[in-house]
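Inside the fold
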Amino acid sequence: MGNSKNIALYVFICVVSFIISKIIMTIVCYRRWKRKQMVVQDSLSGGKLVMFNSPKMNTLKSNMFLKRTMKLTNKDIIGSGGYGAVYKLTINESISFAVKRLNRISAEQDRGFERELEAMGDIKHRNIVTLHGYYSTTQYNLLIYELMTNGSLDEVLYGICLCLFLIV
Ligand SMILES: Nc1ncnc2c1ncn2[C@@H]1O[C@H](COP(=O)(O)OP(=O)(O)OP(=O)(O)O)[C@@H](O)[C@H]1O
């Protein structure tokens, strides 16, 4: 009888400790995730700007960033891929980004945006271009990348720019 009481107590302690550790882990992960990004709601366009925490992004003011982003035109296009056009976003003489625009005209393009966020969001590697943040509205999504000033691998290998479509 005493033995079964001990077992029940042991199981109870294990279950409670498991639940408490899960709660602590969730809180820690949530705090880390919150610290990693800054979210700004743009009251004019209704869009949401998310800037991932990095030394470069921390020097920027979100409203200045939004203002420059809204002023992107066809003249700023530097390339085009399967999902849309890529623009050069210049903040000042020393800070520029590559902004990939994905128009929200199909569920496939929305999935493309989510896939790219999932794939690039957590990767930090010197051989992989850094994703600094994103901007999302009801009409389009923008992915904000580190600007690669030496062009693409295509151009290095074949000496031509494979700009097939310009989707604006
Ligand atoms: N971070 C960047 N810096 C400079 N130029 C870039 C950057 N990202 C893209 N580009 C330019 O835009 C072009 C298209 O890039 P993008 O990633 O959209 O196309 P992709 O490689 O075909 O990929 P996807 O199939 O995912 O659209 C590139 O070939 C390059 O010239």
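Residues numbered from 1 in each chain as written. Predicted model: local features only at pLDDT ≥ 70, side-chain atom pairs only at ≥ 80, totals over all residues.

Considering the overall build of the protein chain
For the protein chain, the count of helices and strands is five helices and seven strands. Each helix and strand of the protein chain, placed in order from N terminus to C terminus, yields the pattern α-β-β-α-α-β-β-β-α-β-β-α. The buried share of the protein chain, reckoned over its 168 residues, is 16%. For the protein chain, contacts bridging at least 24 residues in sequence account for 49% of all contacts bridging at least 6. (Helix = DSSP H or I, 4+ residues; strand = E, 2+ residues; numbered from the N terminus. Buried ≥ 20, exposed ≤ 12 C-beta atoms within 10 Å, placed from the backbone. Contact = placed C-beta atoms within 7 Å.)

Some words on the UniProt feature "transmembrane region" (unreviewed entry) in the protein chain
Mapped onto this structure's residue numbering, the UniProt feature "transmembrane region" (unreviewed entry) falls at residues 6-30. As a span, residues 6-30 carries 100% helix and 0% strand, and end to end its C-alpha atoms are 36 Å apart. (UniProt positions renumbered as here; feature names shortened; annotations may be inferred.)

Brief notes about the sheet that holds strand β7 (residues 140-146)
Read across the open sheet, the seven strands follow the order β1-β2-β6-β7-β5-β4-β3; overall the sheet is antiparallel. Each of the sheet's edge strands pairs with one partner strand only, and the pair in question is β1 (37-41) and β3 (77-80). Between one strand axis and the next, the sheet turns by 20 degrees as a mean value, whatever way the strands run. Where β3 and strand β4 (residues 85-90) come together, three bridges link them in antiparallel fashion. Bridge pairing links I77 to Y87 in β4. Here helix α3 (residues 62-70) sits on the sheet in contact with β1, β2 (48-52), β4, β5 (96-103), β6 (131-136) and β7, set at roughly 120 degrees to β2. (Pairing = 2+ DSSP bridges. Axes fitted to C-alpha atoms, helices over the stretch in contact; angles between N-to-C directions.)

Overview of the site of the ligand
In the neighbourhood of the ligand, 16 residues make up the surrounding shell, with G79, G81, G82, A98 and M148 lying closest. Looking at the shell around the ligand, the elements with two or more residues in it are β3, β5 and β7. Tallying contributions element by element places β3 first for the shell around the ligand, with three residues. Here the residues of the shell around the ligand are counted per class, giving eight nonpolar, five polar and three charged. (Near = placed C-beta within 6 Å. Nonpolar A, V, L, I, M, F, W, Y, C, P; charged D, E, K, R; others polar.)

Brief notes about the environment of Y145
With respect to the helices and strands, the residue Y145 is situated in strand β7. Distance in space between the C-alpha atoms of Y145 and K88 is 9.7 Å, their sequence separation being 57 residues. In this view, Y145 contacts F97, A98, K100, V129, T130, L131 and H132; residues no more than four positions away in its chain are not counted.

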